[in-house]
Amino acid sequence: MLSCSSAFQRVASLMFMAPKLKPQRLHQIAETGAEQLAKKARTMSTESSMKDAFSQYADYLNNFNEKRERVVKASRDITMNSKKVIFQVHRLSKDNKEEVLEKAGKDLAAVREQHFARLMKELQGTDFWKLRRAYSPGVQEYVEAATFYKFCVSGTLSTLDEINSTLLPLSDSSLEPLQINILDYILGLADLTGELMRMAIGRISDGEVEFAQRICQFVRQIHRELLLVVPKMDDSYDMKSKMEVMLQSVIKIENACFSVHVRGSEYIPLLGDDAPTSFLLGGADVE
């Protein structure tokens, strides 16, 4: 068994026998450690900045999706209340014209001041380009209601500038105002012809043949003008399908007016000047 002094001597000899690190090697180890620490710091900084960036993107997308849901809700309200205006105008007859149009005008103004104003608050700035697909159906329905009402009041067509001018007071003057674009206006105008076709058939059954003929000429003109515009537009499936429906509406109005003219001329000698000129106008059948 070794004594205490001999044990210390043994340890000392082993220490002297161990290889010694050169100063250059010590310097390299120190530099490597410093580089690792710097790299780790840069990695942590990069991860932190990426987390901040992704957090900002997530907040933006969440806010944008919430705004989109509000825009869709406003568009649905515009669609629903614009349809009510159209139904109100369809109640028009030669006996209640002033009453019906006055009520329809007030309802149309309510659509602008309540629901359209709410939509415009959400779409200030450039968001109305990003979210167009979300609110386009409501805008088209509003254009249809506004042009339908204007035709029944004055027999003329509301232009895009006239419709947009009614929306300017609802916008914030410090920001870019929401303006209905030409595509939504044309799509709404195409839907207008269907409502005019229904009105023309109804007026023929009520004996207002001249009014139905004016509607026929008006719808023909719209169809003729759009035939010149649509080929120059970008490929739009909605517009192509609506042009086919518009042509069908024109044909239905023309056939109805033609039937009244032909059948009326046949019944005039039998019924007399004071009698309705066609069975379509409510006259009794002739045996």
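Residues numbered from 1 in each chain as written. Predicted model: local features only at pLDDT ≥ 70, side-chain atom pairs only at ≥ 80, totals over all residues. Heavy atoms only, no water.

The protein appears in an unreviewed UniProt entry as Translin-associated protein X from Eruca vesicaria subsp. sativa. Looking at the protein in UniProt, the text filed under Sequence similarities (unreviewed entry) is "Belongs to the translin family." (UniProt positions renumbered as here; feature names shortened; annotations may be inferred.)

One recurring pattern in soluble globular proteins is that nonpolar side chains are buried together. Counting residues in hydrophobic clusters, the biggest one holds 63 residues, and the most contacted among them are Phe116, Leu119, Tyr142, Ile180 and Ile215. Counting residues per element, the ones that place at least two in this core are α2 (23-89), α3 (97-122), α5 (132-154), α6 (160-167), α7 (182-205), α8 (209-229) and α9 (237-271). Sort the elements by how many residues they give to this core and α7 lands first, with 11 residues. Residues in contact with Tyr142, not counting those within four places in the same chain, are Ile78, Ser82, Leu108, Val111, Arg112, Phe116, Ile163, Thr166, Leu167 and Ile180. (Core = buried A, V, L, I, M, F, W, Y, C linked by side-chain atoms within 4.5 Å. Buried < 20%, exposed > 50% of the residue type's maximum accessible area, 1.4 Å probe, protein only. Helix = DSSP H or I, 4+ residues; strand = E, 2+ residues; numbered from the N terminus. Contact = heavy atoms within 4.5 Å.)

We now examine the packing of α7 against α8. Contact geometry for α7 and α8: axes closest at 9 Å, N-to-C directions at 160°. Of the possible angle classes, the one that applies to α7 and α8 is roughly antiparallel. Judged by the sense of rotation from one axis to the other, the crossing of α7 with α8 is left-handed. When α7 is examined against α8, the residues Ile186, Leu189, Leu192, Thr193, Leu196, Met199, Ala200, Arg203 and Ile204 are found in contact with a partner set consisting of Val209, Phe211, Ala212, Ile215, Phe218, Val219, Ile222, Leu226 and Val229. Among the residues forming the contact of α7 with α8, the class breakdown is 16 nonpolar, 1 polar and 1 charged. (Axes fitted to C-alpha atoms, helices over the stretch in contact; angles between N-to-C directions. Parallel < 35°, antiparallel > 145°, perpendicular 65-115°, else oblique. Left-handed = near helix turned anticlockwise from the far one by under 90°. Nonpolar A, V, L, I, M, F, W, Y, C, P; charged D, E, K, R; others polar.)

Our next topic: the packing of α5 against α6. Two elements in contact, α5 and α6, have axes separated by 11 Å at closest approach and are oriented at 110°. One finds that α5 runs roughly perpendicular with respect to α6. When α5 is examined against α6, the residues Tyr142, Val143, Thr147 and Lys150 are found in contact with a partner set consisting of Glu162, Ile163, Thr166 and Leu167. Looking at the contact of α5 with α6 residue by residue, the classes come out as 4 nonpolar, 2 polar and 2 charged.

Moving on: the side chain of Gln88. With respect to the helices, strands and loops of the structure, Gln88 is situated in helix α2. A residue is classified by how much of its surface remains accessible, and Gln88, at 11% relative accessible area, is buried. Not counting the four nearest positions on each side in its chain, Gln88 is found in contact with Val100, Lys103, Ala104 and Asp107.

Turning to its location among the elements, His115 is positioned in helix α3. Among the residues examined, His115 registers a relative accessible area of 15% and is labelled buried.

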